[in-house]
Amino acid sequence: MSEPVLQTKGIEKSFFGVQVLKGIDFEVRRGEIMGLVGENGAGKSTLMKIITGLYTNDGGTILFEGNPVVFPDPSKARDVGISIIHQEFNLFSQLSVAENIFLDRKDYRNRYGIVDWKKMYGDAERILRELGADLDVRTLVRQLSVREQQLVEIAKAVSANAKVLIMDEPSAALPDNEVQKMFHVVRMLKDRGVAIVYISHRMKEIEEICDRVSVLRDGRNEGVVEMSKGKVDDVISMMIGREISDYYPHSRRSFGQVVLRVEGVSGQGLEETSLEIKSGEVVGLYGLAGSGTTDFAEIVMGLSRRSAGKVFYKEAEVKRDSIKAAMSAGIAYVPPDRRKEGIIVMMDITQNTVMANLRAYEKAGVLQNKKIYEKVEEHVENLQIKCAGQSQQVLRLSGGNQQKVVLAKWLDRNPGLLILNEPTRGVDVGAKSEIYRMIDKLANEGLGILMISSEVPEVLGVSDRVVVMCRGRVTGEYVNEGIGQDVLLKAASSNAGGEENE
Ligand SMILES: Nc1ncnc2c1ncn2[C@@H]1O[C@H](COP(=O)(O)OP(=O)(O)OP(=O)(O)O)[C@@H](O)[C@H]1O
Ligand SMILES: [Mg+2]
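Residues numbered from 1 in each chain as written. Chains lettered and ligands numbered in written order. Predicted model: local features only at pLDDT ≥ 70, side-chain atom pairs only at ≥ 80, totals over all residues.

**Structural notes on the overall build of the protein chain**
Step number 1: The helix and strand tally for the protein chain stands at 17 helices and 22 strands.
Step number 2: The C-alpha atoms of the protein chain give 24 Å as radius of gyration, which agrees with the globular expectation for 502 residues (23 Å, within 12%).
Step number 3: The principal-axis extents of the C-alpha atoms in the protein chain amount to approximately 70 × 55 × 50 Å.
Step number 4: Partitioning the contacts of the protein chain with sequence separation of at least 6, the portion at a separation of at least 24 is 68%. (Helix = DSSP H or I, 4+ residues; strand = E, 2+ residues; numbered from the N terminus. Rg over C-alpha atoms; globule rule 2.2 N^0.38 Å. Contact = placed C-beta atoms within 7 Å.)

See the structure below:
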């Protein structure tokens, strides 16, 4: 068996006196895809940030090709061949694809400092072609889709002759149908001998792509599993230290009055869509990238312009294009991109949780801090937010725990209709089942819930009814009793109105 290219021994790290890595051993070999899993806050990203020189470790060593190394910053790690693609991308949106790939590389300047654009574009084109990416290297990065941006990140890593490529939740931002394309590129790199570290919460992907999997729990090594059929169950129980008995709790309940009625609504990305949700009902809204599911939510929420149609909350019509009208009517919307729309990372958990609902905590113009404290404790407890305390800055929470703070913020308003857009993206398996349990509980308490998701098992696991969209239209609607995955996939890739399929 070949020697590991990259290895860590006994890595330790504390933040403000709290030890988050307690002696981590880790390794990856040439041509191997090593999974790295663990619950939210287990320390995965921190370990990778230490390896690449973004954080310094308090103890332990990093070995690269058998020699101890310390990188003062990530660009030095990249120079020797260790590249990382972070949970949040690091591209310059105002620069072109080619410029991003070769950013801070001197080989494209002649001795007068003039950039050899022809060579740069040519090289960029060649790398992207090898990756099977059909991209114009002159396009500005901000015009690219998430998947295309990810390809640029991968191209950037490959251009530096990566021997190790670390991918921190690469599929979290991708729609389901694009994950396979990304896998294709990852396997190609593996065949070239690149050692790959693959971090993900999606066990299906871990099972499919990894050769071995390292499990972390609470900052400690839990073990390494050689992957083969059925092994993923071992991985899950090592991760959470318990069995998940009821992954998708789904109570039988009766529905009440209609809480949301959308009639023939059109707008950007949406054509004459109608939908009803009753109190106590969970409706799953499923679609592939660009299907219009997010446009639907944004138009209902008044975040995006409605050109036609009507929206009613209970009996009352909701004013067009006004988020305030939607919110005060009783509609809450949890967006998919927590950094952009959900939370303010510089503020703490308490501030983020109550900020959309301060009036509820006021008495004669004075904020009742005790009441706030107790309510936030309740959210932290219910959602199992892993933190040092309510006053922890959200920036310092792990990715999945940030997502839970977004949920807490909207639940705090006691809405009558809750729209969740990809609520479990980046959330670990244990916390996922907590979120499903919470959805079930809220529905039993009488909330109407619209859950937008691109994960079929999740849609089928939680919903009472499933609505499928494709190209801005509803292409299928099913009571969730024994419908197969294939039915949803088919509806998601068909045209509305029985037109010819592509
Ligand atoms: N810059 C920081 N300052 C303080 N604490 C931090 C910082 N970065 C991470 N932490 C803490 O370290 C712990 C591990 O976080 P890390 O981001 O490594 O988790 P993770 O395993 O990547 O989780 P996720 O799956 O949610 O992304 C968490 O408790 C987190 O709050
Ligand atoms: Mg992480």
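**A look at the site of ligand 1**
Step number 1: In the vicinity of ligand 1 lie 18 residues, with Asn40, Ser45, Thr46, Ser398 and Gly400 positioned nearest.
Step number 2: Those elements that place two or more of their residues in the shell around ligand 1 are α1 (44-51) and α14 (399-411).
Step number 3: Both domain 1 (4-240) and domain 3 (344-413) contribute no fewer than three residues apiece to the shell around ligand 1. (Near = placed C-beta within 6 Å. Domains from an automatic or database assignment.)

**Some remarks on α1**
Step number 1: With respect to burial, α1 is a largely interior element, seven of its eight residues being buried.
Step number 2: Among all positions of α1, only Lys44, Ser45, Thr46, Leu47, Met48, Ile50 and Ile51 are buried.
Step number 3: Phi turns positive one or two residues past the end of α1, at glycine 53, with a value near 85°. (Buried ≥ 20, exposed ≤ 12 C-beta atoms within 10 Å, placed from the backbone.)

**Remarks on the nonpolar core**
Step number 1: With 67 residues, the main nonpolar core has Leu285, Ile331, Leu417, Ile419, Ile449, Met451 and Val468 as its most contacted residues.
Step number 2: When we break this core down by domain, the ones giving at least three residues each are domain 2 (256-330 + 415-502) and domain 3 (344-413).
Step number 3: Filtering out sequence-adjacent residues up to four positions away, isoleucine 419 remains in contact with Ala297, Met301, Ile331, Ala332, Tyr333, Val334 and Leu450. (Core = buried A, V, L, I, M, F, W, Y, C linked by C-beta atoms within 7 Å.)

**Description of the sheet that holds strand β22 (residues 473-479)**
Step number 1: Strand order across the open sheet formed by six strands is β16-β19-β20-β13-β21-β22, with mixed pairing between neighbours. Sheet topology places β16 (331-334) and β22 at the edges, where each strand pairs with a single neighbour. Strand after strand, the sheet turns through a mean of 15° between neighbouring axes, direction not considered.
Step number 2: As judged from the four bridges shared by strand β13 (residues 282-286) and strand β21 (residues 465-470), these two strands associate in the parallel manner. Within the sheet, the bridge partner assigned to leucine 285 lies in β21 and is valine 467.
Step number 3: Seen against the sheet, helix α15 (residues 429-444) touches β13, β19 (417-421) and β20 (448-453) and runs at an angle of roughly 150° to β20.
Step number 4: Each of β13, β21 and β22 is contacted by helix α17 (residues 485-492), which is oriented at about 30° to β21, the strand it contacts most. (Pairing = 2+ DSSP bridges. Axes fitted to C-alpha atoms, helices over the stretch in contact; angles between N-to-C directions.)

**What to know about the pairing of strand β9 (residues 212-217)**
Step number 1: Bridge count for strand β3 (residues 33-37) against β9 is four bridges, and the pairing is parallel. Following the sheet pairing, methionine 34 is matched in β9 by arginine 212.
Step number 2: As judged from the six bridges shared by β9 and strand β10 (residues 220-226), these two strands associate in the antiparallel manner. Note on β10: the bridge partner recorded for valine 215 is glycine 223.
Step number 3: Hairpin connection between β9 and β10: a loop of two residues separates the two successive antiparallel strands, and aspartate 218 in this loop has a positive phi of roughly 50°.

**A closer look at the domain arrangement of the protein chain**
Step number 1: Domain assignment breaks the protein chain into domain 1 (4-240), domain 2 (256-330 + 415-502) and domain 3 (344-413).
Step number 2: For the side of domain 1 that touches domain 2, the secondary-structure elements that each account for two or more residues are α6 (176-191) and α8 (232-240).
Step number 3: Residues that form the side of domain 1 that touches domain 2 fall into these classes: six nonpolar, three polar and four charged. (Nonpolar A, V, L, I, M, F, W, Y, C, P; charged D, E, K, R; others polar.)

**A word on the sheet that holds strand β4 (residues 59-64)**
Step number 1: Pairing within the open sheet is antiparallel, and its four strands lie in the order β2-β1-β4-β5. Edge positions in the sheet fall to β2 (18-29) and β5 (67-68), since each has one partner strand and no second.
Step number 2: The pairing of strand β1 (residues 4-15) with β4 spans five bridges and is classified as antiparallel. Residue pairing across strands places glutamate 12 opposite glycine 59, the latter belonging to β4.

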